[in-house]
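Residue-level structural notes
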Amino acid sequence: MHQEFINDEDYTMQQNISGFDRIARLVIGLGLIGATLLGSIGSWGWIGIIPLATGAVGFCPLYRLCGCKRCAVK
């Protein structure tokens, strides 16, 4: 049986969002969710959960798929 070795770096969630991008995502996410809760916009505002979550953890799956990395390498 052939066994392939998997590089752990390929499957870890490493930060790929810069500080400014994270802050912008948090502000936009909170703004959309807040506007939804206040009734200013419809239920589509719950989409703000996505930028809020990606800003909180510093990882964007779409950036990973595209090969983008917006933060400095440590």
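Residues numbered from 1 in each chain as written. Predicted model: local features only at pLDDT ≥ 70, side-chain atom pairs only at ≥ 80, totals over all residues. Heavy atoms only, no water.

So, the overall build of the protein
Secondary structure assignment for the protein yields three helices and zero strands. Among the 74 residues that make up the protein, the fraction classed as buried is 26%. Excluding contacts between residues fewer than 6 apart, the proportion of contacts in the protein whose partners are at least 24 apart in sequence is 65%. With the model as given, the accessible surface of the protein reaches about 5800 Å², and the carbon-plus-sulfur share is 66%. (Helix = DSSP H or I, 4+ residues; strand = E, 2+ residues; numbered from the N terminus. Buried < 20%, exposed > 50% of the residue type's maximum accessible area, 1.4 Å probe, protein only. Contact = heavy atoms within 4.5 Å. Areas by Shrake-Rupley, 256 points an atom, 1.4 Å probe, with all protein chains shown as cover.)

Concerning the environment of Gln-14
Looking at the element boundaries, Gln-14 is found in the segment before helix H1 (19–38). For the pair Gln-14 and Lys-69, spaced 55 residues apart in sequence, the C-alpha separation works out to 9.7 Å.

Describing the pattern of salt bridges
Taken as a whole, this structure holds one salt bridge when the rule is applied. The closest approach of N and O atoms between Asp-21 and Arg-25, which form a salt bridge, is 3.2 Å. With a gap of four residues between them, Asp-21 and Arg-25 both fall in helix H1, about one helical turn apart. The exposure classification of Asp-21 matches that of Arg-25, with both residues buried. (Salt bridge = Lys/Arg side-chain N within 4 Å of Asp/Glu carboxyl O.)

Observations concerning a nonpolar patch on the surface
A surface patch of nonpolar side chains, about 330 Å² in accessible area, is lined by Leu-37, Trp-46 and Ile-49. Here Trp-46 is to be found in the loop between H1 and helix H2 (49–57). (Patch = residues over 30% accessible without salt bridge, like charges linked within 9 Å, V, L, I, M, F, W, Y side chains within 5 Å.)

Brief notes about the environment of Pro-61
Among the secondary structure elements, Pro-61 is positioned in helix H3 (residues 61–66). The spatial distance from the C-alpha of Pro-61 to the C-alpha of Asn-16 is 9.0 Å, given a sequence separation of 45 residues.

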